[in-house]
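# A look at the structure
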Amino acid sequence: MAEPPKLRVLMVSDFFFPNFGGVENHIYYLSQCLLKLGHKVVVMTHAYGNRSGVRYMTGGLKVYYVPWRPFVMQTTFPTVYGTLPIVRTILRREKITVVHGHQAFSTLCHEALMHARTMGYKVVFTDHSLYGFADVGSIHMNKVLQFSLADIDQAICVSHTSKENTVLRSGLSPAKVFMIPNAVDTAMFKPASVRPSTDVITIVVISRLVYRKGADLLVEVIPKVCRLYPNVRFVVGGDGPKHVRLEEMREKHSLQDRVEMLGAVPHSRVRSVLITGHVFLNSSLTEAFCIAILEAASCGLLTVSTRVGGVPEVLPDDMVVLAEPDPDDMVRAIEKAISILPSINPEEMHNRMKKLYSWQDVAKRTEIVYDRALKCSNRNLLERLSRYLSCGAWAGKLFCMVMIVDYLLWRLLQLLQPDEDIEEAPDIFLHHHGEKIN
Amino acid sequence: MVTLSLSNKRYTYVQKSASEQSLREAIDIHHVNINGSRVTGFARRRGFAFFLVLLASCMYFFLGKDNPVRLLSWICILSGFLVMLQSRKTVKKESVIIMPTFGIQLETQYLSGKIVSRFIPIGKILKPVLVECVTPVTCYWSLSLFLRGEDQLTLVFKELRPPLKMLVPIWKALCAVIGTDQSEMIVEEEHAVSG
């Protein structure tokens, strides 16, 4: 019989498979590596269409798709106290020890963290994106984040820039914030066995075609580069609202044979698109980390990217050429990249990436954060309320009221359905030949 | 003869095996009863409802047709009827009767004495499964059957939610009757629902 798991972690986020993106990928890979280290991981997210209830993924990863309706951009409708019963049930039946929330934009994550703190569980939060300070949406979001992180045990950010951003937005103490970068699955992203010929240089762009990812910059940069270098062609993968602008640009400059538009590329096909190229172009206007350039470097492509957010921290200087988010500077960077292309060895780049980034390393570092969180002292309600009071003159008092009501609702739930009545779910360990139920 | 008995605060599970001379194999009966205090509570309420109806009819006929009394007596009669209706929906016991090579019978017995039963022939059952049901406020285990020709799972216990320790022996008994290897079934189900 397998020995009992050391830690029992609940990952909470609105963003998980079948939705696809950086946060989803991060949660999945981190969970798989933690499972291999012998811990138990359960994921909680909202239902996606018909996908509702309990599902098991590779390695015995249990996912609860809770039937709460998503309302805008895949986030659950915020009811503040509505998720308390189901969160309590899941925490008790899976005997969870640490709750790990992901992404500041996820309402389910914030609610689950609040309820977990009320019930006395240890809580860790990972922030995956950079946010602004000036517009109305950001101001409100930052206030919610301040409330959520006021009483947290530990936090994780994916780059030093992201750590600075999170600390400034939430007023959290920097000593509580750990920096653990994302990683890439180097086994999946391998260079081509035969490098494509450099007679025609192919520049690959794979991103969502939205404002935030710099699609407008691409519209300016591509015609200029095509004019300067007759032997350069572009491959653009991805879809979005700015797709129309790119099509117009192709028509206007007659670049139909020089610019290939692939449309949305499923993640399983990203590698096959990357290995057709020599240079990867990333034009994002803001990026906390940017896993896309890691994937490109793992496939042996030289990267040209905008110098924004956490991008300068991701790759060594000889693997990336950085530029300001300005069309002329980007054209200069592409020129420099083309000139240093002959000295690039894709296999050697891939081997270096294998040593620099791995999900196993991320999981081990996250384990240290969980251990640190578990060592944090338990605080009673009054001590916790004093932390919320410091959030602001009016906001502090409002947050205290919210937490007091949450505490009272929890006690009421305990009266109606005592803790002993919540049945514990058996642990199912998947081995190679059949499995055992404990 | 009682083979197994388990109970918790809300439910009591009793397994009985009845073997008859004409049958080669024993019939297996699994009952899940709602525990005593709730049942007697409802019996008390039923008695109270009956008393109310009696009182109302007495007041109506003997104290004359004054308005307040009439209103009060109508209220008594109505509430009495509502309680009677409620007792028809309140479940006292649910049972699973397993007849090897023949089929299974699912029975629900209500407080009013009504019994609703459904017979499922053995050939129609593909697999019994233990499923975790997630609702917006809670999560619980339920025992369901995959039936040939039906899209939806059929719940074995429609009204009651017995705990897993009571469902497991019933599930094992169903697996034995259908003749499927238990561990192979669990793995197949994992693969079917993953991803």
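Because the structure is predicted, anything quoted here is derived from the model rather than measured.

Moving on: the sheet that holds strand β8 (residues 122-127) of chain A. Residue and element names in this part refer to chain A. Spatially, 8 strands are ordered β3-β4-β2-β1-β7-β8-β9-β10 in an open sheet, and the strand pairing comes out mixed. Looking at strand neighbours, the two that pair on one side only are β3 (53-57) and β10 (177-179), the edges of this open sheet. Across the sheet, the mean angle separating the axes of adjacent strands is 25° when strand polarity is ignored. In terms of strand pairing, strand β1 (residues 8-12) meets strand β2 (residues 40-46) through 5 bridges, oriented parallel. When the bridges of β2 are listed, Arg8 appears paired with Lys40. This element, helix α3 (residues 107-118), spans β1, β2, β7 (98-102) and β8 of the sheet and lies at about 160° to β8.

A few words on the UniProt feature "transmembrane region" (unreviewed entry) in chain B. Annotation from UniProt places "transmembrane region" (unreviewed entry) at residues 47-63 and 69-85 of chain B. Overall, residues 69-85 of chain B shows 100% helix and 0% strand. The separation of its end C-alpha atoms is 24 Å.

Next up on the list: the pairing of strand β6 (residues 115-121) of chain B. All names here are of chain B. In this structure, strand β5 (residues 103-110) lies alongside β6, joined through 7 bridges in antiparallel fashion. Bridge pairing in β6 places Gly103 opposite Pro121. Joining the antiparallel neighbours β5 and β6 is a turn of 4 residues, in which Gly113 adopts a positive phi near 100°.

On to the environment of Met401 of chain A, then. Mapped onto the elements, Met401 of chain A comes out in helix α14 (residues 393-416). The sequence separation of Met401 of chain A and Arg92 of chain A amounts to 309 residues, and the corresponding C-alpha distance is 25 Å.

In the UniProt entry, the feature "domain: PIGA GPI anchor biosynthesis" (unreviewed entry) is given for residues 46-135 of chain A. With 24% helix and 31% strand, the stretch residues 46-135 of chain A has end C-alpha atoms that lie 28 Å from each other.

Quick look at the pattern of salt bridges now. Residue and element names in this part refer to chain A. Per the stated rule, a full pass over the model turns up 28 salt bridges over all chains. Between Arg379 and Asp151 there is a salt bridge, and its shortest N-O distance comes to 3.3 Å. Taken together, the positions of Arg379 in the loop between α12 (359-375) and α13 (381-389) and Asp151 in the loop between α4 (136-149) and β9 (154-157) put the pair 228 residues apart, joining distant regions of the chain. The two residues Arg379 and Asp151 agree in class, both being buried.

So, about the packing of aromatic side chains. Under the definition given, this model contains 12 aromatic pairs over all chains. Aromatic side chains Phe147 of chain A and Tyr388 of chain A sit 5.4 Å apart centroid to centroid with 40° between the ring planes, which places their arrangement in the tilted category. Placement of Phe147 of chain A in helix α4 and of Tyr388 of chain A in helix α13 is noted, with a sequence separation of 241 residues between them. The class of Phe147 of chain A is buried, set by a relative accessible area of 13%. Joined through ring pairs, the aromatic side chains of Phe16, Phe17, Phe20, Tyr28, Tyr29 and Trp359 of chain A make up one cluster. Over the ring of Tyr110 of chain B we find Lys114 of chain B; its NZ or CZ atom is 5.3 Å from the centre of that ring. Taking NZ or CZ as reference, Arg161 of chain B lies 3.8 Å from the ring centre of Tyr140 of chain B, over its face.

In this section: unusual backbone geometry. All names here are of chain A. The omega angle of the peptide bond from Phe17 to Pro18 is 10°, so this bond is cis rather than trans. The phi angle at Val80 is positive, at roughly 65°, despite the residue not being glycine. You can see Val80 is positioned in the loop between β6 (75-76) and α2 (84-93). At Ser254, a residue that is not glycine, the phi angle is positive and equals roughly 55°. Turning to its location among the elements, Ser254 is positioned in the loop between α7 (243-253) and β13 (259-263).

The next point concerns the side chain of Gln32 of chain A. Residue and element names in this part refer to chain A. Within the element layout of this structure, Gln32 appears in helix α1 (residues 22-36). Judged by relative accessible area, which is 10%, Gln32 ranks as buried. Sequence-distant contacts of Gln32, defined by excluding residues within four places in its chain, comprise Thr58, Gly59 and Leu61.

Nonpolar side chains tend to gather and get buried jointly when the protein is soluble and globular. Residue and element names in this part refer to chain A. With 99 residues, the main nonpolar core has Phe16, Ile222 and Leu274 as its most contacted residues. At 8 residues, α1 tops the list of elements feeding residues into this core. For Ile222, the contacting residues outside a window of four places in its chain are Phe234, Val236, Leu246, Met249, Leu255 and Val259. Judged by nonpolar contacts, the second largest core, of 41 residues, contains Ile90, Val99, Leu108 and Ile428.

Moving on to helix α5 (residues 160-170) of chain A. Residues and elements named next belong to chain A. Ser162, Asn165, Thr166, Val167, Arg169 and Ser170 are the residues of α5 that are buried. For α5, the elements touching its buried residues are β8, α4, β9 and β10. Two residues or fewer past α5, Gly171 is found with a positive phi of approximately 70°.

To continue, consider the pairing of β13 of chain A. Residue and element names in this part refer to chain A. Only one face of β13 is buried, namely the one carrying Val259, Met261 and Gly263, since none of Glu260 and Leu262 on the opposite face is buried. When strand β12 (residues 232-237) meets β13, the two strands line up parallel, connected through 4 bridges. Bridging from a neighbouring strand, Phe234 pairs with Val259 of β13. Where the polypeptide runs from β12 across α7 and back to β13, its parallel neighbour, the crossover connection is right-handed.

Residues and elements named next belong to chain A. On average, chain A scores 90 in pLDDT, and the residues at 70 or more come to 97%. Of all secondary-structure elements in chain A, the lowest mean pLDDT belongs to strand β18 (residues 435-437), at 43, while β1 reaches the highest, 96. Here residues 432-438 is modelled with pLDDT under 50, and outside its nearest four sequence neighbours on either side it reaches 20 contacts, counting other chains as well.

Turning next to the state of the cysteines. All names here are of chain B. In total, this model carries 0 disulfides over all chains according to the counting rule given. Cysteine Cys139 is unpaired, with the sulfur of Cys133 as its nearest cysteine sulfur at 7.6 Å. For Cys139, a relative accessible area of 7% puts it in the buried group.

Let's shift gears to the side chain of Thr107 of chain A. Residues and elements named next belong to chain A. In this structure, Thr107 sits in helix α3. Using a relative accessible area of 18% as the deciding quantity, one classes Thr107 as buried. Not counting chain neighbours up to four residues away, the residues in contact with Thr107 comprise Asp14, Thr75, Thr76 and Pro78.

About the thresholds
Residues numbered from 1 in each chain as written. Chains lettered and ligands numbered in written order. Predicted model: local features only at pLDDT ≥ 70, side-chain atom pairs only at ≥ 80, totals over all residues. Heavy atoms only, no water. Pairing = 2+ DSSP bridges. Helix = DSSP H or I, 4+ residues; strand = E, 2+ residues; numbered from the N terminus. Axes fitted to C-alpha atoms, helices over the stretch in contact; angles between N-to-C directions. Contact = heavy atoms within 4.5 Å. UniProt positions renumbered as here; feature names shortened; annotations may be inferred. Salt bridge = Lys/Arg side-chain N within 4 Å of Asp/Glu carboxyl O. Buried < 20%, exposed > 50% of the residue type's maximum accessible area, 1.4 Å probe, protein only. Phe/Tyr/Trp six-rings, centres within 6.5 Å; stacked < 30°, edge-to-face > 60°. Lys NZ or Arg CZ within 6 Å of the ring centre and 35° of its normal. Core = buried A, V, L, I, M, F, W, Y, C linked by side-chain atoms within 4.5 Å. Right-handed = clockwise from strand over helix to strand, strands pointing away. pLDDT = per-residue confidence, 0-100. Disulfide = S-S within 2.5 Å.

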